[in-house]
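# Close look at the chain arrangement
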Amino acid sequence: GIQLVTMFSWGGSKSSAPAPAAPSSHSPAASRRASTVSRSIHLSSYMNHSVLKPSTRRVSNDDTIYDTVFQTTNGFALILRVYLPNDTSRAPTMTLHGVRASHNWLDIRMKVIGYAPTSSDQSWRSSNLKLGDAVYTVIHHFQLTPREFRYFLL
């Protein structure tokens, strides 16, 4: 079976607990209305996420760019760079940073294009997802589908 690999911490200590499933953050009523999630709630959901928090750090001078480090089940350590625009009606962008890989969720610039809720501003607004849940879902997909990576040039 597939074994879930734990997240890394920027401090160097490794968590021993497997990553829990992402909590469901939307109800039928929530999915029918446009996103009303504030920027501070998006950032809090990401920076205080129970799984992502020890592995995430801000890398920009402002509060728009963050890196989260994670490991795939076949042992690759990867960094997901997340950009949250100041305008929360715009979709966040996520890219694999510092690596070249081929995966059906990535374009040639390593931008995540295969995750529907962040594929367009409209999709992001209507998803009513919080940033932490979106980042967790993308990382979880990459962790558990390392065989979908066709090559790495490190």
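Scroll up a little and you will see the structure.
Quick look at the structure, then.

### Some thoughts on the layout of surface pockets
Estimates place the volume of the largest pocket at around 160 Å³. If you go around the largest pocket, you meet 14 residues; those closest to its centre are Ala91, Pro92, Thr93, Lys111 and Thr118. Per-class residue counts for the lining of the largest pocket are seven nonpolar, four polar and three charged.

### Digging into the sheet that holds strand S3 (residues 77-83)
One open sheet holds the four strands; their spatial order is S1-S2-S3-S4, and the pairing between them is antiparallel. What marks the edges here is a single partner per strand, and that holds for strand S1 (56-58) and strand S4 (93-97). Within this sheet the neighbouring strands show an average axis-to-axis angle of 25°, counted without direction. Across three bridges, S1 lies against strand S2 (residues 65-71) in antiparallel orientation. Bridging across to S2, Arg58 finds its partner in Tyr66. Its contacts with the sheet place helix H2 (residues 39-47) against S1, S2 and S3, and it is angled at close to 25° to S2. Against the sheet, helix H4 (residues 131-144) contacts S2, S3 and S4, and its axis sits at roughly 150° relative to S3.

### Remarks on the packing of aromatic side chains
Across all of its chains, the model carries four aromatic pairs by this definition. On the numbers, 5.7 Å between centres and 75° between planes, the contact of Tyr46 with Tyr66 is edge-to-face. Here Tyr46, found in helix H2, pairs with Tyr66, found in strand S2; they are 20 residues apart in sequence, far enough to count as distant. For Tyr66, a relative accessible area of 5% translates into the label buried. With 5.9 Å between their ring centres and 35° between their planes, Trp105 and Tyr115 make a pair best called tilted. Linking Trp105 in the loop between strand S5 (100-101) and helix H3 (121-127) with Tyr115 in the loop between S5 and H3, this pair joins segments that are 10 residues apart in sequence. Tyr115 carries the same exposure label as Trp105, and that label is buried.

### Some remarks on the pattern of salt bridges
This structure, assessed with the given rule, holds three salt bridges. Residue Arg39 is joined to Asp63 by a salt bridge in which the shortest nitrogen-to-oxygen separation is 2.8 Å. One end of the pair, Arg39, is in helix H2; the other, Asp63, is in the loop between S1 and S2, and 24 residues separate them in sequence. Judged by relative accessible area, Arg39 falls into the buried class, the value being 15%. Among the ionic pairs, Asp67 bridges to Arg81, the shortest N-O distance being 2.6 Å. You can see Asp67 sitting in strand S2 and its partner Arg81 sitting in strand S3, a full 14 residues away along the chain. Judged by relative accessible area, Asp67 falls into the buried class, the value being 2%.

### Digging into the side chain of His103
Mapped onto the fold, His103 is located in the loop between S5 and H3. Here Trp105 takes part through its backbone nitrogen, which lies 3.0 Å from a polar atom of the side chain of His103. Separated by 3.4 Å, the side chains of His103 and Glu148 make a polar contact. Setting aside residues no more than four positions away along its own chain, His103 makes contact with His141, Phe142, Thr145, Glu148, Phe149 and Arg150.

Criteria and thresholds
- Residues numbered from 1 in each chain as written.
- Predicted model: local features only at pLDDT ≥ 70, side-chain atom pairs only at ≥ 80, totals over all residues.
- Heavy atoms only, no water.
- 1 Å grid on protein atoms, 1.4 Å probe; cavity = no way out; pocket = protein on both sides within 12 Å on 5 of 7 lines; lining within 4 Å.
- Points joined across faces, edges and corners; volume = space filled by probe spheres on them.
- Nonpolar A, V, L, I, M, F, W, Y, C, P; charged D, E, K, R; others polar.
- Pairing = 2+ DSSP bridges.
- Helix = DSSP H or I, 4+ residues; strand = E, 2+ residues; numbered from the N terminus.
- Axes fitted to C-alpha atoms, helices over the stretch in contact; angles between N-to-C directions.
- Contact = heavy atoms within 4.5 Å.
- Phe/Tyr/Trp six-rings, centres within 6.5 Å; stacked < 30°, edge-to-face > 60°.
- Buried < 20%, exposed > 50% of the residue type's maximum accessible area, 1.4 Å probe, protein only.
- Salt bridge = Lys/Arg side-chain N within 4 Å of Asp/Glu carboxyl O.
- Polar contact = N/O pair within 3.5 Å; in protein donor to acceptor, adjacent residues only side chain to side chain.

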